[in-house]
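The chain contents come next:
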Amino acid sequence: MLTPLSSAIVQIRELTIAGAYEFVPRTFGDNRGMFASPYQEQALLEATGRTMRVAQSNHSISAKGTIRGVHFADVPPSQAKYIYCPRGSLLDVVVDIRVGSPTYGQWDAVRLDSTECRALFVSEGLGHSFVALEDDTVMSYLCGEAYNPSAEHGVNPLDPALGLPWPADLEQVLSEKDLAAPTLAEAEAADILPRYEDCLAYYEKLRANGV
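Just so it is clear, the structure is predicted and the values come from calculations on it, not from any experiment. (Residues numbered from 1 in each chain as written. Predicted model: local features only at pLDDT ≥ 70, side-chain atom pairs only at ≥ 80, totals over all residues. Heavy atoms only, no water.)

**A word on the overall build of the chain**
Argument step 1. What the chain contains, in helices and strands, is four helices and 14 strands.
Argument step 2. Burial analysis of the chain (211 residues in total) assigns 50% to the buried set.
Argument step 3. Expressed as a percentage of contacts within the chain between residues at least 6 apart in sequence, the contacts between residues at least 24 apart total 77%.
Argument step 4. As displayed, the chain offers around 10100 Å² of accessible surface, 50% of which is attributable to carbon and sulfur atoms.
Argument step 5. Between the mean site of the 16 positive side-chain charges and the mean site of the 28 negative ones, the chain shows a separation of 6 Å. (Helix = DSSP H or I, 4+ residues; strand = E, 2+ residues; numbered from the N terminus. Buried < 20%, exposed > 50% of the residue type's maximum accessible area, 1.4 Å probe, protein only. Contact = heavy atoms within 4.5 Å. Areas by Shrake-Rupley, 256 points an atom, 1.4 Å probe, with all protein chains shown as cover. Lys, Arg positive; Asp, Glu negative; His and termini not counted. Charge placed at Lys NZ, Arg CZ, Asp CG, Glu CD.)

**Here we look at the UniProt feature "active site" (unreviewed entry) in the chain**
Argument step 1. Look at the UniProt record and you will see "active site" (unreviewed entry) annotated at His 71 and Tyr 141. Across 71 residues, the annotated set stays spatially compact, with a maximum C-alpha separation of 13.9 Å. As for the lining of the largest cavity, the annotated residues named previously contribute His 71.
Argument step 2. Here His 71 shows up in strand β7 (residues 67-73).
Argument step 3. A polar contact of 3.4 Å, which involves the side chain of His 71, links it to the backbone nitrogen of Gly 69.
Argument step 4. Assessed through its relative accessible area of 17%, Tyr 141 is described here as buried. (UniProt positions renumbered as here; feature names shortened; annotations may be inferred. 1 Å grid on protein atoms, 1.4 Å probe; cavity = no way out; pocket = protein on both sides within 12 Å on 5 of 7 lines; lining within 4 Å. Polar contact = N/O pair within 3.5 Å; in protein donor to acceptor, adjacent residues only side chain to side chain.)

**Considerations on helix α4 (residues 196-208)**
Note: α-helices contain 3.6 residues per turn, so residues at a spacing of three or four share the same orientation.
Argument step 1. Taking 1.5 Å of rise per residue, 13 residues should cover 18 Å, and α4 covers 18 Å from first to last C-alpha, within 8% of that figure.
Argument step 2. Listing the buried residues of α4 in full gives Tyr 196, Cys 199, Tyr 202, Tyr 203 and Leu 206. Mapping the buried residues of α4 onto a view down its axis gives an arc of 125°, with all of them on the same face. Exposed side chains of α4 directed beyond 90 degrees from the buried face belong to Glu 197, Lys 205 and Ala 208. (Expected span 1.5 Å × (residues − 1). Arc of directions from axis to C-beta.)

**Section: the layout of surface pockets**
Argument step 1. Taken as a whole, the largest pocket encloses approximately 480 Å³ of empty space.
Argument step 2. What lines the largest pocket is a set of 24 residues, among which Gly 69, His 71, Tyr 141, Glu 152 and Asp 178 lie closest to the centre.
Argument step 3. Broken down by secondary-structure element, the contributors of at least two residues to the lining of the largest pocket are β6 (56-62), β7, β12 (127-132), β13 (137-143), β14 (152-154) and α2 (176-179).
Argument step 4. Of the residues forming the lining of the largest pocket, the biggest block, four residues, is contributed by β7. (Points joined across faces, edges and corners; volume = space filled by probe spheres on them.)

**Looking at the nonpolar core**
Argument step 1. Core analysis: the biggest nonpolar cluster contains 18 residues, and Val 95, Val 155, Leu 164 and Leu 193 have the highest contact counts within it.
Argument step 2. For this core, the elements supplying multiple residues, two or more each, are β7, β9 (89-95) and α3 (184-189).
Argument step 3. Residues within four places of Val 95 in sequence aside, it is in contact with Val 70, Gln 106, Trp 107, Leu 126, Gly 127, Leu 162 and Leu 164.
Argument step 4. Counting 16 residues, the second-largest nonpolar core is a separate cluster that includes Ile 17, Leu 120, Val 122 and Phe 130. (Core = buried A, V, L, I, M, F, W, Y, C linked by side-chain atoms within 4.5 Å.)

Listed below in C-alpha coordinates is the structure:
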(Lines give C-alpha, C1' and ligand atoms only; values in the text may rest on other atoms or scores of the structure.)
Protein backbone atom coordinates (compact mmCIF):
# COMPACT_ATOMS: atom_id res chain seq x y z
CA MET A 1 0.00 0.00 0.00
CA LEU A 2 1.35 3.41 -0.95
CA THR A 3 1.63 5.85 1.95
CA PRO A 4 1.62 9.57 1.09
CA LEU A 5 3.96 12.02 2.78
CA SER A 6 2.29 14.92 4.53
CA SER A 7 3.49 17.09 1.66
CA ALA A 8 1.70 14.78 -0.81
CA ILE A 9 4.71 15.12 -3.11
CA VAL A 10 5.72 11.47 -2.99
CA GLN A 11 4.11 8.15 -2.08
CA ILE A 12 6.04 5.37 -0.33
CA ARG A 13 5.59 1.61 -0.31
CA GLU A 14 7.74 -1.00 1.39
CA LEU A 15 8.16 -4.07 -0.78
CA THR A 16 7.59 -7.60 0.50
CA ILE A 17 11.36 -7.72 1.00
CA ALA A 18 12.12 -5.70 4.13
CA GLY A 19 14.62 -2.97 3.42
CA ALA A 20 13.40 -2.25 -0.13
CA TYR A 21 11.07 0.68 -0.82
CA GLU A 22 9.23 2.08 -3.82
CA PHE A 23 8.83 5.85 -4.17
CA VAL A 24 6.28 7.40 -6.52
CA PRO A 25 6.86 11.15 -6.91
CA ARG A 26 4.20 13.55 -8.04
CA THR A 27 4.75 14.61 -11.64
CA PHE A 28 4.04 18.09 -12.98
CA GLY A 29 3.29 18.44 -16.68
CA ASP A 30 2.38 21.29 -18.99
CA ASN A 31 2.95 22.38 -22.59
CA ARG A 32 6.71 22.54 -21.94
CA GLY A 33 6.98 18.91 -20.81
CA MET A 34 7.19 17.30 -17.36
CA PHE A 35 9.00 17.73 -14.05
CA ALA A 36 9.45 15.22 -11.23
CA SER A 37 11.78 14.66 -8.27
CA PRO A 38 12.58 10.93 -8.07
CA TYR A 39 14.90 11.32 -5.06
CA GLN A 40 13.77 13.19 -1.96
CA GLU A 41 15.80 12.86 1.22
CA GLN A 42 12.84 13.51 3.51
CA ALA A 43 10.87 10.68 1.92
CA LEU A 44 13.75 8.27 2.38
CA LEU A 45 14.14 9.34 6.00
CA GLU A 46 10.43 8.83 6.65
CA ALA A 47 10.48 5.38 5.08
CA THR A 48 13.68 4.00 6.54
CA GLY A 49 14.56 6.14 9.55
CA ARG A 50 17.81 7.14 7.87
CA THR A 51 19.18 9.20 5.04
CA MET A 52 21.73 8.04 2.48
CA ARG A 53 25.15 9.43 1.88
CA VAL A 54 25.91 9.50 -1.84
CA ALA A 55 29.41 8.21 -2.57
CA GLN A 56 28.91 7.51 -6.26
CA SER A 57 26.32 7.84 -9.03
CA ASN A 58 26.03 5.24 -11.79
CA HIS A 59 24.49 5.43 -15.25
CA SER A 60 23.90 2.46 -17.57
CA ILE A 61 22.33 2.10 -21.01
CA SER A 62 20.92 -1.30 -21.92
CA ALA A 63 19.52 -2.95 -25.02
CA LYS A 64 16.12 -4.60 -24.83
CA GLY A 65 16.34 -7.93 -23.01
CA THR A 66 19.55 -7.10 -21.17
CA ILE A 67 19.66 -8.59 -17.67
CA ARG A 68 22.15 -7.20 -15.17
CA GLY A 69 22.70 -8.80 -11.77
CA VAL A 70 21.93 -10.31 -9.32
CA HIS A 71 24.63 -8.16 -7.67
CA PHE A 72 25.48 -7.56 -4.02
CA ALA A 73 28.42 -6.57 -1.83
CA ASP A 74 29.91 -7.61 1.50
CA VAL A 75 28.27 -6.27 4.67
CA PRO A 76 29.61 -4.00 6.02
CA PRO A 77 29.58 -1.65 4.28
CA SER A 78 27.89 -3.15 1.20
CA GLN A 79 26.24 -0.57 -1.07
CA ALA A 80 22.77 0.92 -0.72
CA LYS A 81 21.23 1.94 -4.04
CA TYR A 82 18.57 4.49 -4.99
CA ILE A 83 17.42 3.72 -8.53
CA TYR A 84 15.28 5.35 -11.18
CA CYS A 85 14.84 5.13 -14.95
CA PRO A 86 15.14 8.45 -16.85
CA ARG A 87 14.70 6.83 -20.29
CA GLY A 88 12.91 3.71 -21.48
CA SER A 89 11.57 1.11 -19.06
CA LEU A 90 12.86 -1.75 -16.96
CA LEU A 91 11.74 -4.38 -14.49
CA ASP A 92 13.76 -3.98 -11.31
CA VAL A 93 14.09 -7.03 -9.08
CA VAL A 94 15.16 -7.16 -5.42
CA VAL A 95 16.24 -10.54 -4.07
CA ASP A 96 16.58 -11.33 -0.38
CA ILE A 97 19.94 -13.08 -0.16
CA ARG A 98 20.44 -12.38 3.57
CA VAL A 99 20.95 -15.76 5.21
CA GLY A 100 18.55 -16.08 8.14
CA SER A 101 16.03 -13.55 6.83
CA PRO A 102 12.34 -14.51 7.04
CA THR A 103 12.10 -13.89 3.29
CA TYR A 104 15.43 -15.47 2.32
CA GLY A 105 15.40 -16.59 -1.30
CA GLN A 106 12.31 -14.54 -2.16
CA TRP A 107 12.07 -11.57 -4.52
CA ASP A 108 9.89 -8.60 -5.38
CA ALA A 109 9.80 -6.51 -8.54
CA VAL A 110 8.89 -2.96 -9.58
CA ARG A 111 8.54 -1.53 -13.07
CA LEU A 112 10.50 1.69 -13.45
CA ASP A 113 10.09 4.00 -16.44
CA SER A 114 10.49 7.57 -17.61
CA THR A 115 6.75 8.30 -17.48
CA GLU A 116 5.89 7.79 -13.82
CA CYS A 117 9.45 8.35 -12.52
CA ARG A 118 9.07 5.68 -9.83
CA ALA A 119 12.22 5.04 -7.82
CA LEU A 120 13.47 2.16 -5.72
CA PHE A 121 15.66 2.08 -2.62
CA VAL A 122 17.61 -1.13 -2.02
CA SER A 123 19.23 -1.49 1.39
CA GLU A 124 22.68 -2.90 2.00
CA GLY A 125 22.91 -6.68 1.78
CA LEU A 126 20.07 -7.18 -0.67
CA GLY A 127 20.57 -8.60 -4.15
CA HIS A 128 19.70 -6.36 -7.09
CA SER A 129 18.96 -7.16 -10.72
CA PHE A 130 16.95 -5.75 -13.63
CA VAL A 131 15.93 -6.37 -17.21
CA ALA A 132 15.57 -3.67 -19.87
CA LEU A 133 12.11 -3.79 -21.45
CA GLU A 134 13.05 -1.65 -24.45
CA ASP A 135 16.15 -0.53 -26.32
CA ASP A 136 18.28 2.31 -24.99
CA THR A 137 16.87 1.98 -21.49
CA VAL A 138 18.78 4.12 -19.00
CA MET A 139 19.18 3.20 -15.36
CA SER A 140 20.51 5.90 -13.08
CA TYR A 141 21.30 5.20 -9.46
CA LEU A 142 22.89 6.72 -6.40
CA CYS A 143 25.20 4.53 -4.33
CA GLY A 144 25.88 4.79 -0.62
CA GLU A 145 29.42 3.46 -1.06
CA ALA A 146 31.96 3.59 -3.86
CA TYR A 147 32.43 0.52 -6.04
CA ASN A 148 34.81 -1.99 -4.44
CA PRO A 149 35.63 -4.86 -6.83
CA SER A 150 37.07 -7.07 -4.08
CA ALA A 151 33.80 -6.93 -2.12
CA GLU A 152 31.41 -7.39 -5.07
CA HIS A 153 29.63 -10.69 -5.74
CA GLY A 154 26.81 -12.08 -7.84
CA VAL A 155 24.13 -14.73 -7.95
CA ASN A 156 23.05 -16.20 -11.27
CA PRO A 157 19.89 -14.35 -12.41
CA LEU A 158 18.75 -17.51 -14.23
CA ASP A 159 18.93 -19.68 -11.10
CA PRO A 160 15.77 -21.82 -11.46
CA ALA A 161 15.38 -22.02 -7.68
CA LEU A 162 14.92 -18.23 -7.56
CA GLY A 163 12.46 -18.15 -10.47
CA LEU A 164 12.98 -14.46 -11.20
CA PRO A 165 10.24 -12.86 -13.32
CA TRP A 166 12.05 -12.34 -16.61
CA PRO A 167 9.54 -11.80 -19.45
CA ALA A 168 9.38 -14.87 -21.66
CA ASP A 169 9.00 -12.81 -24.86
CA LEU A 170 12.39 -11.07 -24.49
CA GLU A 171 15.62 -12.41 -25.95
CA GLN A 172 17.91 -12.39 -22.94
CA VAL A 173 21.31 -10.69 -23.08
CA LEU A 174 23.70 -11.34 -20.18
CA SER A 175 27.37 -10.79 -19.48
CA GLU A 176 29.67 -13.79 -19.20
CA LYS A 177 30.29 -12.80 -15.58
CA ASP A 178 26.59 -12.93 -14.67
CA LEU A 179 26.09 -16.21 -16.54
CA ALA A 180 29.00 -17.74 -14.63
CA ALA A 181 27.77 -16.54 -11.22
CA PRO A 182 26.83 -19.23 -8.68
CA THR A 183 23.28 -20.19 -7.83
CA LEU A 184 21.91 -18.98 -4.52
CA ALA A 185 22.52 -22.38 -2.96
CA GLU A 186 26.11 -22.43 -4.24
CA ALA A 187 26.72 -18.90 -2.96
CA GLU A 188 25.40 -19.87 0.47
CA ALA A 189 27.58 -22.99 0.53
CA ALA A 190 30.59 -20.84 -0.37
CA ASP A 191 29.74 -18.54 2.58
CA ILE A 192 29.74 -15.35 0.48
CA LEU A 193 26.18 -14.23 1.24
CA PRO A 194 25.35 -11.52 3.78
CA ARG A 195 23.86 -12.63 7.08
CA TYR A 196 20.55 -11.14 8.15
CA GLU A 197 21.67 -10.39 11.71
CA ASP A 198 24.74 -8.54 10.42
CA CYS A 199 22.57 -6.48 8.07
CA LEU A 200 20.14 -5.51 10.83
CA ALA A 201 23.01 -4.48 13.09
CA TYR A 202 24.51 -2.39 10.30
CA TYR A 203 21.16 -0.69 9.53
CA GLU A 204 20.85 0.29 13.20
CA LYS A 205 24.41 1.62 13.21
CA LEU A 206 23.62 3.81 10.17
CA ARG A 207 20.44 5.14 11.82
CA ALA A 208 22.31 5.90 15.03
CA ASN A 209 24.98 7.76 13.07
CA GLY A 210 22.36 9.76 11.21
CA VAL A 211 23.26 8.30 7.82
